[in-house]
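# Observations on chain architecture
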Amino acid sequence: MSFRKIFLLAVVALGIAAFFVFDLGRFLSLEYLKQSQASFEALYASQPLKVSLVYFAIYVAATALSFPGAAIITLAGGAIFGLWWGTLLVSFASSLGATLAFLVSRFVLRDSIEAKFGNRLAEINRGIEKDGAFYLFTLRLIPVVPFFVINLVMGLTKMKALTFYAVSQIGMLAGTLVYVNAGTQLAQIDSLQGILSPALLGSFVLLGVFPLIAKWIVGLMQKRKVYARWASVKPQRFDRNLIVIGAGAGGLVSAYIAAVVKAKVTLVEAHKMGGDCLNYGCVPSKALIKSAKLAHQMRHGETYGLHSTTPTFSFKAVMRRIQDIVRAIEPHDSVERYTGLGVEVLQGYAKLVNPWTVEIALNDGSTQTLTTRSVVIAAGARPFVPPLPGLEDSGYVTSDTMWDKFGELDEVPKRLVVLGGGPIGCELAQSFARLGSQVTQVEMGPRVMAREDEEVSELARQTLMKDGVDVRTGHKALRVENTGGMKALVVEHAGTEERIEFDELLCAVGRSARLTGYGLEELGIPTNKTVETNEYLQTLYPNIYAAGDVAGPYQFTHVASHQAWYAAVNALFGDFKMFKADYRVIPWATFIDPEVARVGLNEQEAKEKGIAVEVTKYGIDDLDRAIADSEAHGFVKVLTVPGKDTILGVTIVGTHAGDLLAEYVLAMKHGLGLNKILGTIHTYPTLAEANKYAAGEWKRAHAPQQLLAWVGRFHDWRRG
């Protein structure tokens, strides 16, 4: 702690000590004030300016030091100075003193509070930045909330001091008037409770409600301003309650919810139902991973006491199996299913004409125009293709296009370059290497899977290399050359250029939201890599929502489904109740072998955010079931609040890590700690026991050693 902080704390402590040592509280009673009223009035009559300044200084000091008795001092203002001069003095003195208390709290306490509760405080600060003045004004209007508490708590936030002062000056005026006016009638007051009768308290509560009404009116005015240029085209009646653009995870769930609550809903999809996940992402990639893992196990049969053998297969048959799996799941997301649920499904391209009108260019060549009360945009994302010279002429594929192109091949690509070291790149690089491709993976950054902890990234790199992937991190792709039918990716590493020849190039450097082609530009809806939305998933126009990859901040199918609930419910019932999208517990997994799964913080994020954590780690190489399955590698790493079993984040590396993570997701969602997991019976022998043993490691580290030593002595005594 700095010298200035120590000095300030000493001054505050001395002030508080003086208050109690000299029993200054005796002057802050209603009885003393009544007895001394005549003397104060006489003194004020003889020296008005001096008495006013002394009173002002005393009020500022008492408020700044959060002394009790502000109500008595306020009454004194009315008794001595009268209503208007007393109100003026009290109003400015109380606001200035409150601001000093606010600044003291900020200077002395905020750094230490941020260090301990930085993550939670960041969320509060976002709310303060947006609506802080409004909430402070509401609190100031209701005197049942202790003002000194408001002063100290607001000092811990990032509210500007000038904003705090201005809002306090205005917000406390009503309460100041009531107390000062009561002071002018001091003889009729028997107790402080008499000032605030139930009727008066009710009036203050109404004053507190007034800003909520005012906020609603302001919101209504803002809506009118946003919709002003469209006012002439707003329909009197609507064809639909909801139109959903896009039939991926976000769109399907939005439409399903609307149908369940009997809303009239239309779902528009230009291409395939099920979106990217079913047709190009989650489903086909996991089918490919399964085939690749089986080929890997065949090559390593000796691990299981069997003969190792080189798998022989038709790559076209592998790709056919993948398409069969997609077709087997298609009915879950089909037009027929959703039509049966009550959703109108139109196949074509939707475009927003105005906030309530959608024009649909149907795939059969016709056009249909529908009006709707609300819209959910769930247009998804597409693979990002970097602007590399020569790339367009290379015949490259993406995670979307590879399934059709590779489905025509009889054999796996002999030489495959995978551009990108994220989850998609790693999954596909490992799978094709296990199926027999000579895979080179190129990543510009210093490590693959950069969002994970360094040890996880390194484990992933070693796993990929063990399967035959030539992992090249720190290599920047410069261009693609195609000379005489020989294709090569030219990269830069350590200041020199290298050529990597290939037969096929798979571009897997990330995905970008689909932001064009359906009217965002014409309506002026802001975008910044994704569609900009508020916490309720509303765009610029309150009746137009966005969910899924197009909205961000996560690009996961399960998050798209999660957001879809909020978008659909807010779109249909937002006039009565709005729900903020909840991102507190978001799990994800990368399905390399061994899998990497995570929820909440990891060590690298905790360090970046300055959040203190305690790390507990359990090695899966010690787990009976993992040993029996010859899968004894990986770990469970749990981050907790120091000294407590509260879970802040979990990373699991190992077989079926994505499944094992679910127990921690549930625990974090419902505030359950490691002690609860340790006290839960887990079936033996299962991989899920890893979670129990990780909790056991935490418990062992927090065992009360001194108490156990005494218990040991007790047992020694019992043995005689």
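The helix and strand tally for the chain stands at 25 helices and 23 strands. Residue burial in the chain is summarised as follows: out of 720 residues, 45% are buried. The long-range share in the chain, meaning contacts at least 24 apart out of those at least 6 apart in sequence, stands at 66%. Of the roughly 36,300 Å² of accessible surface on the chain, a fraction of 60% belongs to carbon and sulfur atoms.

Among the structural elements, Leu 660 can be located in helix H22 (residues 657-669). Separated by 30 residues in sequence, Leu 660 and Ala 690 place their C-alpha atoms 8.3 Å apart. Residues within four places of Leu 660 in sequence aside, it is in contact with Ile 652, Thr 655, Leu 687, Ala 688 and Asn 691.

What follows is about the sheet that holds strand E23 (residues 647-654). Strands sit in the order E19-E20-E23-E22-E21 across an open sheet of five strands; the sheet is antiparallel. In this open sheet, the two strands that pair with only one neighbour each are strand E19 (587-590) and strand E21 (614-619). Averaged over all neighbouring strand pairs, the angle between strand axes comes to 10 degrees, with direction disregarded.

On to the packing of helix H12 (residues 282-299) against helix H13 (residues 315-329). Working note: a packed helix pair is described by the angle between its axes plus the distance between those axes. The interhelical angle for the contact between H12 and H13, taken along N-to-C directions, is 135 degrees, at an axis separation of 9 Å. Taken together, the axis directions place H12 and H13 in an arrangement best described as oblique. Between H12 and H13 lies a crossing whose hand is right-handed. Together, Val 283, Pro 284, Ala 287, Leu 288, Lys 290 and Ser 291 of H12 and Val 318, Arg 321, Ile 322, Ile 325, Val 326 and Ile 329 of H13 make up the contact between the two elements. The residue makeup of the contact of H12 with H13, split by class, is nine nonpolar, one polar and two charged.

Quick look at unusual backbone geometry now. Here the amide bond leading from Gly 552 into Pro 553 is cis, since omega sits at 0 degrees, within 30 degrees of zero. The topology assignment puts Pro 553 in the loop between strand E18 (544-546) and helix H19 (557-573). The omega torsion across Tyr 684 and Pro 685 is -10 degrees, close enough to zero to call that bond cis. Even without being glycine, Lys 262 reaches a positive phi, approximately 65 degrees. Residue Lys 262 is classed as exposed on the basis of its relative accessible area of 74%. Here the phi dihedral of Met 449 falls at roughly 50 degrees; this positive angle occurs in a residue that is not glycine.

Bringing a nonpolar patch on the surface into the picture now. The grouping of Tyr 256, Val 260, Val 261, Leu 341, Phe 573 and Phe 576 at the surface amounts to a nonpolar patch, some 580 Å² of accessible area in total. Judged by relative accessible area, which is 36%, Phe 573 ranks as partly exposed.

Glancing now at empty space enclosed by the protein. Summed over the entire model, instances satisfying the criterion amount to two cavities of 30 Å³ or more. Each pocket or cavity is described by its volume, and for the largest cavity that value is around 40 Å³. Contributions of two or more residues to the lining of the largest cavity are made by H12 and helix H16 (423-434). Class assignment for the residues of the lining of the largest cavity results in two nonpolar, two polar and three charged. In this model, the second largest cavity occupies a volume close to 30 Å³. As for the second largest cavity, its lining consists of Pro 383, Ser 399, Ile 424, Cys 507, Ala 508, Val 509, Gly 510 and Arg 511.

Tallied over the entire structure, the rule returns 34 salt bridges. In this structure, Lys 692 and Glu 689 form a salt bridge, with 3.8 Å as the shortest nitrogen-oxygen distance. With Lys 692 and Glu 689 both in helix H24 (residues 689-701) and three residues apart, this pair spans about one turn of that helix. Put simply, Arg 415, Arg 479, Glu 481, Glu 497, Arg 499, Glu 501 and Asp 503 are held in one network by salt bridges that share partners.

Moving on, we come to the pairing of strand E10 (residues 470-473). Only one face of E10 is buried: it carries Val 471 and Thr 473, and the other face, with Asp 470 and Arg 472, is open. Where strand E9 (residues 438-443) meets E10, four bridges bridge the pair, whose relative direction is parallel. Following the sheet pairing, Thr 440 is matched in E10 by Asp 470. At this point the chain moves from E9, through helix H17 (residues 454-466), to the parallel E10, and the crossover so formed is right-handed.

This model, assessed by the stated rule, comprises one disulfide. Across a sulfur-sulfur distance of 2.4 Å, Cys 277 and Cys 282 are joined as a disulfide pair. Its torsion about the S-S bond being -130 degrees, the disulfide of Cys 277 and Cys 282 is classed as left-handed.

Right, let's talk about the pairing of strand E11 (residues 476-483) for a bit. Where E11 and strand E12 (residues 486-493) come together, seven bridges link them in antiparallel fashion. Residue Ala 477 lies in a different strand from E12, and its bridge partner there is Val 491. Linking two consecutive strands that pair antiparallel, namely E11 and E12, is a turn of two residues; a positive phi of about 60 degrees is found at Gly 484 within it.

Our next topic: the side chain of Asp 453. Here Asp 453 shows up in the loop between E9 and H17. In this structure Asp 453 comes out as buried when scored by relative accessible area, which is 4%. Within polar-contact distance, the side chain of Asp 453 engages the backbone nitrogen of Gln 604 at 2.9 Å. A polar atom in the side chain of Asp 453 sits 2.8 Å from the side chain of Lys 637. Beyond its immediate sequence surroundings of up to four residues, Asp 453 is in contact with Arg 447, Asn 602, Glu 603, Gln 604 and Lys 637.

Rules of the game
- Residues numbered from 1 in each chain as written.
- Predicted model: local features only at pLDDT ≥ 70, side-chain atom pairs only at ≥ 80, totals over all residues.
- Heavy atoms only, no water.
- Helix = DSSP H or I, 4+ residues; strand = E, 2+ residues; numbered from the N terminus.
- Buried < 20%, exposed > 50% of the residue type's maximum accessible area, 1.4 Å probe, protein only.
- Contact = heavy atoms within 4.5 Å.
- Areas by Shrake-Rupley, 256 points an atom, 1.4 Å probe, with all protein chains shown as cover.
- Pairing = 2+ DSSP bridges.
- Axes fitted to C-alpha atoms, helices over the stretch in contact; angles between N-to-C directions.
- Parallel < 35°, antiparallel > 145°, perpendicular 65-115°, else oblique.
- Left-handed = near helix turned anticlockwise from the far one by under 90°.
- Nonpolar A, V, L, I, M, F, W, Y, C, P; charged D, E, K, R; others polar.
- Patch = residues over 30% accessible without salt bridge, like charges linked within 9 Å, V, L, I, M, F, W, Y side chains within 5 Å.
- Salt bridge = Lys/Arg side-chain N within 4 Å of Asp/Glu carboxyl O.
- 1 Å grid on protein atoms, 1.4 Å probe; cavity = no way out; pocket = protein on both sides within 12 Å on 5 of 7 lines; lining within 4 Å.
- Points joined across faces, edges and corners; volume = space filled by probe spheres on them.
- Right-handed = clockwise from strand over helix to strand, strands pointing away.
- Disulfide = S-S within 2.5 Å.
- Polar contact = N/O pair within 3.5 Å; in protein donor to acceptor, adjacent residues only side chain to side chain.

The values are spatial; any link to function lies outside them.
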